[in-house]
Amino acid sequence: MPSDAALGVSVGVVRVLDALRKQRNLSDYDGESITDQALVECIEQALRLQELAVRRFGGQG
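Residues numbered from 1 in each chain as written. Predicted model: local features only at pLDDT ≥ 70, side-chain atom pairs only at ≥ 80, totals over all residues. Heavy atoms only, no water.

Asks: Teacher, can you tell me more about the pattern of salt bridges here?
Replies: Oppositely charged side chains can form a pair if their charged atoms are brought close together. Applying the stated rule across the entire model yields five salt bridges. Within the structure, one salt-bridge network assembled from shared partners comprises Asp-18, Arg-21 and Lys-22. (Salt bridge = Lys/Arg side-chain N within 4 Å of Asp/Glu carboxyl O.)

Asks: Please explain the side chain of Asn-25 as it appears in this structure.
Replies: Position of Asn-25 among the secondary structure elements: in helix α1 (residues 11–30). There is a polar contact of 2.7 Å between the side chain of Asn-25 and the side chain of Arg-24. (Helix = DSSP H or I, 4+ residues; strand = E, 2+ residues; numbered from the N terminus. Polar contact = N/O pair within 3.5 Å; in protein donor to acceptor, adjacent residues only side chain to side chain.)

Asks: How should I be thinking about the environment of Ser-33 in this particular structure?
Replies: For Ser-33, the position within the fold is in the loop between α1 and α2 (36–57). In this structure Ser-33 comes out as exposed when scored by relative accessible area, which is 71%. Sequence separation of Ser-33 and Gln-23 is 10 residues, and the distance between their C-alpha atoms is 8.6 Å. (Buried < 20%, exposed > 50% of the residue type's maximum accessible area, 1.4 Å probe, protein only.)

Asks: Would you explain the side chain of Gln-45 in this entry?
Replies: Relative to the helices and strands, Gln-45 is located in helix α2. Excluding residues within four positions of it along the chain, Gln-45 makes contact with Val-13, Val-16, Leu-17 and Leu-20. (Contact = heavy atoms within 4.5 Å.)

In structure tokens:
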């Protein structure tokens with residue numbers, strides 16, 4: 001399965017993150033509301049990315 005080179009996330013995760021980014025942009029630029037479900041998903045994805053980053057890069061520097 002293809003993955004992002006930096007953190008090794010799947011293409012599916014990248015698509016989810018992109019969809020969340022698009023929703024945020026609609027909120028920022030058009031004033032559209034963000035659903036509670038999208039907020040929860042965004043937080044969960046951010047925590048997963050943070051965990052991946054710490055595992056991958058935490059011991060460097």
